Amino acid sequence: SWFAGIFGHHFDDHLPSIAYLRTQVPRDYKFLLLDTKLGRGVLKFLDQEFYDRIVWVQEHEVVLVLGNLYVSRIHPTYPLMWGCARPYDYLRGWIQQKLPDVPQERNVVFYSRGSSDTAHGRVLDPAQEREVLTRIRAAMDKYNRPEKDIIIFTGQDENGNTLSIEQQFEIFRSAKTIIGPHGAGMLGNLMWVDPRPEECQNRVQALEFIPGDESTQVQPLYHSMHMRWRIWPVDFNVLLYTKESTPKITKINLQDLDDALEGMWGPTTTTTETSLENNR
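Residues numbered from 1 in each chain as written. Predicted model: local features only at pLDDT ≥ 70, side-chain atom pairs only at ≥ 80, totals over all residues. Heavy atoms only, no water.

## Some points on the pattern of salt bridges
Across all of its chains, the model carries nine salt bridges by this definition. In this structure, the salt-bridge partner of Arg92 is Asp89, at a minimum N-O distance of 3.9 Å. Within this pair, Arg92 and its partner Asp89 are both found in helix α4 (residues 87–98), separated by three residues, close to a single helical turn. Residue Arg92 is classed as buried on the basis of its relative accessible area of 2%. Here Asp89 falls in the buried class, since its relative accessible area comes to 18%. As a salt-bridge pair, Glu147 and Arg145 come within 2.9 Å of each other at their nearest N and O atoms. (Salt bridge = Lys/Arg side-chain N within 4 Å of Asp/Glu carboxyl O. Helix = DSSP H or I, 4+ residues; strand = E, 2+ residues; numbered from the N terminus. Buried < 20%, exposed > 50% of the residue type's maximum accessible area, 1.4 Å probe, protein only.)

## Some remarks on the side chain of Arg113
Position of Arg113 relative to the elements: it lies in the loop between β3 (107–111) and β4 (123–124). For Arg113, which is buried and forms no salt bridge, the nearest opposite charge comes from Glu129, at a distance of 8.8 Å. Looking at Arg113, its side chain comes within polar contact range of the side chain of Tyr111, at 3.1 Å. (Lys, Arg positive; Asp, Glu negative; His and termini not counted. Polar contact = N/O pair within 3.5 Å; in protein donor to acceptor, adjacent residues only side chain to side chain.)

## Regarding the nonpolar core
Core analysis: the largest hydrophobic core is formed by 41 residues, its most contacted members being Leu43, Leu91, Ile178 and Trp192. Of all hydrophobic cores here, the second largest spans 22 residues; its members include Leu124, Met140, Ile150 and Ala260. (Core = buried A, V, L, I, M, F, W, Y, C linked by side-chain atoms within 4.5 Å.)

## Points about unusual backbone geometry
The phi dihedral of His60 falls on the positive side, at around 75°, and the residue is not glycine. Along the chain, the position of His60 falls in the loop between β2 (54–57) and α4. Taking relative accessible area as the criterion, His60 reaches 75% and is therefore assigned exposed. One non-glycine residue, Asn144, lies in positive phi territory at about 50°. On the secondary structure map, Asn144 appears in the loop between α5 (126–142) and β5 (150–153). A relative accessible area of 66% means that Asn144 is categorised as exposed.

## What about the sheet that holds strand β7 (residues 204–210)?
With respect to topology, five strands assemble into an open sheet ordered β5-β3-β6-β7-β8, the strand pairing being parallel. The strands lining the two open edges of the sheet, one partner per strand, are β5 and β8 (234–240). Direction aside, neighbouring strands of the sheet carry axes that sit 15° apart on average. Sheet topology places β3 next to β5; four bridges connect them, and they run parallel. By the bridge assignment for β5, Val108 is matched with Ile150. Contacting β3, β6 (175–181), β7 and β8, helix α8 (residues 254–265) crosses the sheet at an angle of about 160° to β7. (Pairing = 2+ DSSP bridges. Axes fitted to C-alpha atoms, helices over the stretch in contact; angles between N-to-C directions. Contact = heavy atoms within 4.5 Å.)

Set out below in structure tokens:
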């Protein structure tokens, strides 16, 4: 199953596959895709020319195709982010081609769960979240960070309306650092960060809160799953939930947060000057 219309799976599973298939067939070929509001919104924003090649099919609708028909079959037990994750290379190239610009003013984006658009719990304890934001701001001052501000991203605006795909793109393309709990709002939108940084030190930094061996109860399927975005050019870091966390409310060790921010931002941080030529 591709979990049609589900935000995280759309970015994890649909788009890399579509990006790959887009390069394998002639430009006059049409694409038959299941009609979802999310699918329409993402592809129309990303590539209007490709969007015009799509025939949107309703669930249970029967379509008669005259001529050649190519069917993409993705094995349901082998997510694309595992292994070498080659389809992501095609997606990175597509985004770079259509959306190449990176703003000069950059921000820290903090992903806050708990809005009406968020399912599956894993909400960071509200009192602790306030302290987390205070410590992030203090670390920005301490390490003289270049980010202009902290943007608290919930997926909604101040009136509770879901942000458009373009608005979410603008927020995450402006990110220099992204911090927050595991979830589609953070990891799905990670695809909008700069896909082709010139140097390793220009990569976006990410700090994701995930369940570990002492907090598997939060999300057993994904505990310690910290390698899933290695194909994207992100300086990826993780922080484990504490054992007091539940599937609904989570907590982290605040000293671990301070240590993680020092490791990412502090003066002792070193970055290997590695060419990204293999990822181009």
